[in-house]
Amino acid sequence: MTTPLDTGRYGSAEMRGLFTDPARYAAFIRVEGALAEVQGRHGVIPAAAARAVAAQAASYTPDLAAVARIEEVSRHEVFAVVQEFAARCGEHGRYVHFGATSSDILDTALALQLDATIRLLRQRLTALMTALSERVGVDGGHEMIGRTHGQHAQPITFGFKLAVFLDQLTRCLERLDELRPRAVMGKMAGAVGTLAGLGPLGPRVQHDVLALLGLPEPRISAQAVARDRVAEFFCWVALTASCLDNLATEIRNLQRTEIGEVAESFAEGDQIGSSAMPHKRNPVRCERVGSLARLLRSLVGPALENVVTWHERDLANSANERFTLPQAGILLDEMLTVMTAVAADLKVRPERMAANLELSRTASISEAVLLALVESGADRLTGYRMVQRASAMAAGGGEARGVEAPGAAGRGVPSGGAQVAVGRDVLRALADDPEVTALIPAEELAKFAARPPDIGDSEALTEQTLRHAARALRAGVGAVPGAVAVPGAVAEAAEAAGSDEAENRENRENPEEGSR
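Below you will find a few notes about this structure. Note that the coordinates shown come from a computational prediction; the quantities given were computed from them, not determined experimentally.

What follows deals with the environment of Arg297. Along the chain, the position of Arg297 falls in helix H11 (residues 284-298). Classification of Arg297 as partly exposed rests on a relative accessible area of 33%. Between the C-alpha atom of Arg297 and that of Val237, which follows or precedes it by 60 residues, the distance is 7.9 Å.

Shown next as structure tokens:
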């Protein structure tokens, strides 16, 4: 059975194209070309050889079959790619890989690959933040009930709800910009990191090669780039995936039949919600995001294990990174793209928000009444218990009965003998309690019902969050130096592979996944 990464089910063609063998081998040879060019510049190798190798590298497209034949004998992937390339350079081929070790090529190529991945993920993240901001602009003013522990709490606006998620994503963007100079790191320091193989000009050669490739230079490294750098990227991926999962889970909950305040869009007449139940409109895209987040969180473990190495280098990280790096890039690309589409065409139902807000009747003003009782002279706990028992009666929490007064000398002593009817409005229940009306007259309690929903500073806080997100988006433009382009041949192959993707994207999920 092929995996979804193999078939192209998840992720964009652009992101998948970064993790193909042709792209990876092209990155190896891009590094080899830069090394030869710099060595020729400094007289480490003949200038003619440097020009020939650099020219071949600039137009390199790997011969996968030739590489496979060499690797079958050598059992060394980098050696096979280098040998296949060196053969194209004729007499100058002997200067390919001069003074370098495999990790110089592998890890510097990985830095190029990781840099391109980060740039693409950044584009996807900013697109989602923009879509969320626009959704706030269109629907943010709708008032709704806020919920804590799954229960009605106090009123908020829909914009406030979305702004909380937007602020999380803004932090994800800020973290990404902060970690890039640490996570994206090449090296050209030789077999144990001392630059001995490059001769007396080794430090200058490493500096210039990495500068030519648009990569930062490490202060020091062993044979391989330290994997705490790569692990930080995986931690960011997992954290960002969890933030997306958080947003997707909220949308799923709000789409529940008994809430119904928002819903994913549904392609009526084409999309199948359930193979058995034609009425179903399932939140399958948000469920997909939640499912992929579980997988991405699991990648942190291997990444942290890879930080540990024997001496100046071992190969314990190599095999698992062949799986985890493509999964991290491709699946997070998918999640960001999906959530952007969900946010852009989200179906918002203000009438359901209003109906659900009304369900709590006046229970959501409990804090305001409590504060008024305290201001009128009640002890805070005593006032709390007054409002709590009225709320219980209004919610139908038990049969009509006397309720014990807080602090009564004997247990079970009724609250002044008051009988509060079950299922009544909270304010009516409060008005029927003489302990309450002794502090707040019934006519004053009635004024609470006339108040509009108290959304506090929802609107101001939402605007503040939108402004901060906008600043973060603007600050990132051009902030990360050293653009990395996908090699032309690889980009063309990726484009061809994804030519039918847009047409099929909406219906490629198995309908049975959302059928129950």
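With that settled, the discussion passes to the side chain of Arg135. Residue position: Arg135 is located in helix H7 (residues 102-139). Ignoring sequence-local partners within four residues, the contact set of Arg135 consists of Gly140, Phe158, Leu162, Ala343, Ala344, Asp345, Leu346 and Val348.

By secondary structure assignment, the location of Leu35 is in helix H3 (residues 21-41). Along the backbone, Leu35 and Val96 are 61 residues apart, and their C-alpha atoms lie at a distance of 8.5 Å. Apart from the residues within four sequence positions on either side, Leu35 is in contact with Phe98, Ala100, Met188, Val205 and Val209.

Scanning all chains against the criterion turns up five aromatic pairs. Among the aromatic residues, those joined into a cluster by ring pairs are Phe233, Phe234 and Trp236.

The subject of this paragraph is the packing of helix H10 (residues 228-254) against H11. H11 packs onto H10 with a crossing angle of 155° between their chain directions and a minimal axis gap of 8 Å. With respect to their mutual orientation, H10 and H11 come out roughly antiparallel. In this structure, the crossing between H10 and H11 has a hand that is left-handed. Contacts from Val237, Ala238, Ala241, Ser242, Leu244, Asp245, Ala248, Ile251 and Arg252 in H10 reach Cys286, Glu287, Val289, Gly290, Ala293, Leu296 and Arg297 in H11. Counted by class, the contact of H10 with H11 contains ten nonpolar, two polar and four charged residues.

The pairing of strand E1 (residues 143-148) with strand E2 (residues 151-157) spans five bridges and is classified as antiparallel. Its bridge partner lying in E2, Ile145 is registered against Pro155. Between the antiparallel neighbours E1 and E2 lie two residues, among them His149 with a positive phi of about 55°.

Rules and cut-offs
- Residues numbered from 1 in each chain as written.
- Predicted model: local features only at pLDDT ≥ 70, side-chain atom pairs only at ≥ 80, totals over all residues.
- Heavy atoms only, no water.
- Helix = DSSP H or I, 4+ residues; strand = E, 2+ residues; numbered from the N terminus.
- Buried < 20%, exposed > 50% of the residue type's maximum accessible area, 1.4 Å probe, protein only.
- Contact = heavy atoms within 4.5 Å.
- Phe/Tyr/Trp six-rings, centres within 6.5 Å; stacked < 30°, edge-to-face > 60°.
- Axes fitted to C-alpha atoms, helices over the stretch in contact; angles between N-to-C directions.
- Parallel < 35°, antiparallel > 145°, perpendicular 65-115°, else oblique.
- Left-handed = near helix turned anticlockwise from the far one by under 90°.
- Nonpolar A, V, L, I, M, F, W, Y, C, P; charged D, E, K, R; others polar.
- Pairing = 2+ DSSP bridges.

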